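# Coordinate analysis (summary)
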Amino acid sequence: MSRRSAPEINAGSMADIAFLLLIFFLVATTMDIDTVISRRLPQKQPPKTENQEEFHARNVFEININRNNQMLIEKKEYVQLEDLKVKVLEFLDNGGGAGSNNVGNCTYCQGGPDKTVSSEMSDHPNKAIISLRTDRGTSYEMFVAVHDVLGQAYTELRNREAQRLYGVSYEDLIDQKFNDKENVELDEKIKKIKDLFPEIISEVEPANN
Amino acid sequence: MSKFKKQNKTVPQISTASLPDVVFMLLFFFMTVTSMRETEFKIKEPVLPNAKSVKKVEDKNLVSTVYIGKSIKEGTSGDFIQLNDKIAQVSDVRSFIMLSRVGKSDEDVSRMSTVFKADKGTKLGTVADIKKELREIDALKIAYAASQTRKDQ
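Glancing now at helix α4 (residues 170-179) of chain A. All names here are of chain A. Those residues of α4 not exposed but buried are Y170, L173 and K177. Looking straight down α4, one finds its buried side chains confined to an arc of 55 degrees; they lie on one side. Against the buried residues of α4 lie α3 (140-166) and α5 (184-196).

Given below as C-alpha cells:
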C-alpha cells in the first residue's frame, strides 16, 4: 500500500504575512468619517440684471458679522451666538401671511414664543430668507458657528413637522436614508419636510472694510 | 524531591494554527471600515471648528477638498491653500475642480461638492475668494467641514 501524499505547505509564516498587511492598513488608512455643513452657492449672476427679485423686508432676516466677530441682526440688535437660535426660530415659524407658489397661509407654523404672529417676521417659511453678511476679517470659526445655529434651527422645525406627520424626527429620517440609499418612500418624506421649511440662506459677498 | 519532579511534565504547545485566521479577520475589518489617508499636509493641519448640525459625507469620490490653514513655517502670516499635495493660489482652484470633473458622468458632476477644510482661525476673505471662483465655474455645492460635537452638549 503505497501512500503518496503531497507534502504539506508550511503555514507558519501565514500569520506574519497577515500581520504585516494588517499593520500596513492600520498606518495607511484613517477611520474618521468627514462631517460637514453643506450649503449651496447662488448661481452666477450677470452684472446688474433688470429683473432682480425684490424681497419684502419682513421676509429677510439679516445677520451681520463684523471683523471682531460681533453679530448684528436686522440692523438693530446685537446678539450673542446663544441667543441667535431663538431669534431665527421666531422669524421662520411666524407664518404671518401667504407663501410663494400659491401655497396659502402657513397652517403648521406656531408663531412666536407667545403663539402670536408678528408683523415684522416672515410671511411664510418658504419665503423666509436668511441673509448672512460677513466681513473679510471675520473668523471662519464664527462663520461656521452661525451656520451651525441656522442649521440647528431648521432641523428643530423640521423635526417637529416630521414628528407630527410621520411620528419620527427628521434627523432619524436622514439617518435611515444614509443606511438605505435606495428607499424612494423615505426620499419623498424628506422632500416633503424640506419643502415645509426650505433652507434659504444667502451669503452676501464680504465687504472689505 | 521526586514528588516535584513528577510535576515537571512539559506543557503541550498552544496551537498557533488559527492565528492567521484571527489576524486576517482583523485585517478585513480594518480594510472595510477605514478609508485611505488622502493627503499629506503641506500647511499646518487645520483645526476644524465644532458644530452640531452636521451631516456625514455621502460619497467621498464626489468630493473635492480644499484645505486652508496657516503655514508650517513660524512667523509667516496669512492663510495658505492646499489642493491635493501642493500649496496653491486662489486662481488654481478653478483648474483643480475642472480636473476633478474629468471622466465623470454629467449626473455625477452635478452631485459633486467642494468641501472646505479650513482652520478655525482662517479669515473669511480667503474662503470668499474661493467661493467666488467656484461660482464662476458653476461648482455650487459646497460644504464646510466641522468636527461633530455631541448633541447633548
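Further remarks concern the sheet that holds strand β8 (residues 141-145) of chain B. Within the open sheet, the 7 strands sit side by side as β3(B)-β2(A)-β8(B)-β7(B)-β4(B)-β5(B)-β6(B). Their pairing is mixed. Looking at the sheet topology across the chains shown, the edges are occupied by β3 (55-56) and β6 (86-88) of chain B. Here strand β4 (residues 63-69) of chain B runs beside strand β5 (residues 80-83) of chain B; their pairing, made up of 4 bridges, is antiparallel. Its bridge partner being in β5(B), V66(B) is matched across the sheet by L83(B). The strands touched by helix α5 (residues 124-136) of chain B within the sheet are β4, β5, β7 (113-118) and β8 of chain B, with β7(B) carrying the most contacts at an inclination of about 170 degrees.

A word on helix α2 (residues 19-33) of chain B. Over its 15 residues, α2(B) extends 22 Å from the first C-alpha to the last, a length consistent with the 21 Å expected when each residue adds 1.5 Å. Along α2(B), the positions that sit buried rather than exposed are P20(B), V23(B), L27(B) and F30(B). Along the axis of α2(B), the buried residues cluster in a sector spanning 90 degrees; they form a single face. Facing away from the buried side of α2(B) by more than 90 degrees, the exposed set consists of D21(B), M25(B) and T32(B). On its buried face, α2(B) is in contact with α1 (14-28) of chain A.

Residues and elements named next belong to chain B. In the structure shown here, the tally under the stated rule is 16 salt bridges over all chains. A salt bridge links D79 to K70; the shortest N-O distance between them is 2.8 Å. Exposure remark for K70: the relative accessible area of 28% places this residue in the partly exposed category. Here E133 makes a salt bridge to R94, at a shortest N to O gap of 3.0 Å. Taken together, the positions of E133 in helix α5 and R94 in helix α3 (residues 92-101) put the pair 39 residues apart, joining distant regions of the chain. Since its relative accessible area comes to 16%, E133 is described here as buried. Judged by its relative accessible area of 34%, R94 is partly exposed.

Rules behind the numbers
- Residues numbered from 1 in each chain as written.
- Chains lettered and ligands numbered in written order.
- Predicted model: local features only at pLDDT ≥ 70, side-chain atom pairs only at ≥ 80, totals over all residues.
- Heavy atoms only, no water.
- Buried < 20%, exposed > 50% of the residue type's maximum accessible area, 1.4 Å probe, protein only.
- Helix = DSSP H or I, 4+ residues; strand = E, 2+ residues; numbered from the N terminus.
- Arc of directions from axis to C-beta.
- Contact = heavy atoms within 4.5 Å.
- Pairing = 2+ DSSP bridges.
- Axes fitted to C-alpha atoms, helices over the stretch in contact; angles between N-to-C directions.
- Expected span 1.5 Å × (residues − 1).
- Salt bridge = Lys/Arg side-chain N within 4 Å of Asp/Glu carboxyl O.

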